[in-house]
Amino acid sequence: MGEKVNPSKIFSLGLQHVLAMYAGAILVPIIVGGALGFSPEQQAFLISIDLLTCGIATLLQSVKNKYFGTGLPIIMGTSFVAVSPMITIGSNYGITAIYGGIIATGLFIILFSNVYGKLVKLFPPIVTGTVVIIIGLSLIPTGIKNMGGGANSPDFGSAENLILSFGVLAVILLMNRFFKGFLRSISVLVGIILGTLAAAFMGKVHFQPVMDADWFHLPTPFHFGVPTFEIVPILTMILVGTVILVESTGAFLALGKMNQQELGEKDITRGYRAEGMAFTLGGIFNAFPYSTFAQNVGLVQLSKVKTSKVTIAAGFILISLGLVPKIAALATLIPTAVFGGATVVMFGMVVSSGIRMLNSVDFTNNSNQLIIACSVSLGLGATVVPELFAILPETLRIIVGDGIITGSLAAILLNLLLSKRKTKQTEVIHESNLEPKLKSS
């Protein structure tokens, strides 16, 4: 984290992080706004305020101090875990109840961050590595769909989309093979720019959204009305917030490992407190719940630049985009297939990071193999076949309907259940290994 990066290069590296998370950041407001019948103007407001709040949340997490923030190179973005619950709350209680629930959850997380911080004890290397692998595997299908042009795209899998996505992938791989230093670290950014230029020549880039966007937008608190505090939405969002913290813990520990930094309970607590502050901020400005973006964890691994100065720069870029919608609209010019070529690499890097974290795990222990096997299978299965849990109530589906959460909870519970047995087996193996040495002496 103390590595030196030329100030002139920090902006480019920060912009690369912004482009990597941009699609995910704007997708949630588009989905939620569309489901709740928002007008185009309201949708535009949601996107701009979301980018602004993403930037502030990123700064809260990247700048470490006595009270909040991990100081790790973290990008905060809108959590997909909250999408379905927010739509349900908005449909049944109104949009003001969504923001009341988000504000209450943020305050709850801040107040009980010390309690949540004790979760770090549930994440030994076998759990952490498995969770990070599940995060990467759960994201890969999204990257592959993006390579084809997007899941619901009418030209999904067309020759143009495949040429663009694999072209971007090739640029990233070639730059990592033949370049070093700064050029290698911005390979994703270069791939996205070249892919967008190629798409423009193909006629797949449309400038109308940029023309229609405003030059300046000043955020106003409670834009959609004074929040209302209903008990069911609040309890639902607290459950969602707890799930998001579990999801973020794996990303915290993965980044800590990359930075050769052992995170303790206090570090995790400060991270949770920053997320609680981001929740509260999102509720006040009519944005969303925020969590650590896993794709940017993969980008840190790929670029090898691990200083939080880069994500601080990304935070300021996001704030600028939120204040100037016309600039923010420029990023919407990037075709989905171009994003796909870049994100599939980063999602794969998350998986490889998780595998590396399992290096210290004893694979001769059958219990360890069972923990990894069952957790990865359940996590990936819930991602690929989410309808498996359709019969369960809405509150339970929030927990088990997300592959990352299902796999993470499975890893935690299996580790707790099998830990005693693991300890006994390890002692037997250890003693059997010592026997020949004792006899020979």
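All figures in this text were calculated on a predicted structure; none of them were measured in a lab.

The rules we used
- Residues numbered from 1 in each chain as written.
- Predicted model: local features only at pLDDT ≥ 70, side-chain atom pairs only at ≥ 80, totals over all residues.
- Heavy atoms only, no water.
- Axes fitted to C-alpha atoms, helices over the stretch in contact; angles between N-to-C directions.
- Helix = DSSP H or I, 4+ residues; strand = E, 2+ residues; numbered from the N terminus.
- Parallel < 35°, antiparallel > 145°, perpendicular 65-115°, else oblique.
- Contact = heavy atoms within 4.5 Å.
- Nonpolar A, V, L, I, M, F, W, Y, C, P; charged D, E, K, R; others polar.
- Buried < 20%, exposed > 50% of the residue type's maximum accessible area, 1.4 Å probe, protein only.
- Core = buried A, V, L, I, M, F, W, Y, C linked by side-chain atoms within 4.5 Å.
- Salt bridge = Lys/Arg side-chain N within 4 Å of Asp/Glu carboxyl O.

(A) Representation of the packing of helix α6 (residues 125–147) against helix α11 (residues 231–258) within the structure. It is at 9 Å that the axes of α6 and α11 come closest, and there the two elements cross at 110°. Overall, the two elements α6 and α11 adopt an arrangement that is roughly perpendicular. For the pair α6 and α11, the contacting residues are Thr-128, Val-131, Val-132 and Ile-135 in the first and Glu-247, Gly-250, Leu-253 and Ala-254 in the second. Grouping the amino acids of the contact of α6 with α11 by side-chain chemistry returns 5 nonpolar, 2 polar and 1 charged.

(B) Representation of the environment of Gln-301 within the structure. Checked against the element boundaries, Gln-301 lands in helix α13 (residues 294–303). Relative accessible area serves as the criterion here: at 7%, Gln-301 is assigned to the buried category. Here the alpha-carbon distance between Gln-301 and Met-349, two residues 48 residues apart in the chain, equals 6.6 Å.

(C) Region of interest: the nonpolar core. Of all hydrophobic cores here, the largest spans 112 residues; its most connected members are Leu-51, Met-86 and Val-188. It is helix α16 (residues 336–357) that provides the largest number of residues to this core, a total of 12 residues. Not counting residues within four places of it along the chain, the set of residues in contact with Val-188 comprises Gln-16, Ile-172, Leu-299, Leu-302, Ala-342 and Met-346.

(D) Structural view of the pattern of salt bridges. All told, the structure shown has 3 salt bridges when counted by the stated rule. The shortest N-O distance in the salt bridge between Lys-64 and Asp-267 comes to 3.7 Å. You can see Lys-64 sitting in the loop between α2 (40–62) and β1 (76–78) and its partner Asp-267 sitting in helix α12 (residues 265–284), a full 203 residues away along the chain. In this structure Asp-267 comes out as buried when scored by relative accessible area, which is 12%. Note that Asp-267 is salt-bridged to Arg-270, the shortest N-O span being 2.5 Å. Here the residue Asp-267 and the residue Arg-270 both occupy positions in helix α12, the gap between them amounting to 3 residues, near one helical turn. The buried category is assigned to Arg-270, whose relative accessible area is 12%. Among the charged side chains, a network of salt bridges with common partners joins Lys-64, Asp-267 and Arg-270.

Purely geometric stuff here, so don't read any function into it on its own.
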